[in-house]
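If you want the building blocks of each chain, they are given just below.
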Amino acid sequence: MSPDAELLDELVGELLWFEDQARAVLGFPPRPSGARGAVARSRAVAWLVDHLESVLAAAAAGPAELVKGALGWESRLRRTVEDEPPSWTPARCSCGDRNLRWDARVGYFVCGACGNHVSAVEERGLVVDEAG
């Protein structure tokens, strides 16, 4: 199996696992077991999108796990396609300092002055806001 196929298989596995956990927490019947192909992926994504508000509100499934998982995958996929943000940004941290450096281990820009973590999306917004 190619590395890309292995990566996709792992991503699908985690997506299906998360759907299973969310269904259990929300009291839904288990998803149909078996295949992990395109149909299973599509159904899992559709189910999670349809129930996202409930999934996020459920304390046991918790938004922290969803966000942590999504950010972990974003970072991993960026590394796969070598699409990391720049190592430094001119954006100003909320503390006022311009010392945000990309830390690939955590997947955030980290302020050298106060330790604040800023996502790549937030960093782009800060740059646009300051330019405007």
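Structural notes, computed from the coordinates.

Rules used throughout
Residues numbered from 1 in each chain as written. Predicted model: local features only at pLDDT ≥ 70, side-chain atom pairs only at ≥ 80, totals over all residues. Heavy atoms only, no water. Helix = DSSP H or I, 4+ residues; strand = E, 2+ residues; numbered from the N terminus. Buried < 20%, exposed > 50% of the residue type's maximum accessible area, 1.4 Å probe, protein only. Contact = heavy atoms within 4.5 Å. Areas by Shrake-Rupley, 256 points an atom, 1.4 Å probe, with all protein chains shown as cover. Pairing = 2+ DSSP bridges. Axes fitted to C-alpha atoms, helices over the stretch in contact; angles between N-to-C directions. Parallel < 35°, antiparallel > 145°, perpendicular 65-115°, else oblique. Left-handed = near helix turned anticlockwise from the far one by under 90°. Nonpolar A, V, L, I, M, F, W, Y, C, P; charged D, E, K, R; others polar.

On to the overall build of the chain. Check the secondary structure of the chain and you find 5 helices and 4 strands. For the chain, the proportion of its 132 residues judged to be buried stands at 26%. Long-range contacts, defined here as pairs at least 24 residues apart, represent 40% of the contacts in the chain between residues at least 6 apart. With an accessible surface of roughly 8,400 Å², the chain has 58% of that area assigned to carbon and sulfur atoms.

Moving on to the pairing of strand β2 (residues 100-103). Two strands pair when backbone bridges link them, and strand β1 (residues 88-89) and β2 are joined in this way by 2 bridges, in the antiparallel orientation. Residue pairing in the sheet places Thr89 in a bridge with Leu100 of β2. Across 4 bridges, the pairing between β2 and strand β3 (residues 108-111) is antiparallel. Residue Trp102 lies in a different strand from β3, and its bridge partner there is Phe109. Between the end of β2 and the start of β3, which pair antiparallel, lie 4 residues, with Gly107 showing a positive phi angle near 75 degrees.

Here we take up the packing of helix α1 (residues 3-26) against helix α2 (residues 38-50). Direction vectors running N to C along α1 and α2 enclose 40 degrees, while the axes themselves pass 10 Å from each other. Judged on the interaxial angle alone, α2 and α1 are oblique. Considering how the two elements wind past one another, α1 and α2 form a crossing that is left-handed. For the pair α1 and α2, contact is made by Leu8, Val12, Leu15, Leu16, Phe18, Glu19, Ala22, Arg23 and Leu26 and by Ala40, Arg41, Ala44, Val45, Trp47 and Leu48, respectively. Considering only residue class, the contact of α1 with α2 consists of 12 nonpolar, no polar and 3 charged.

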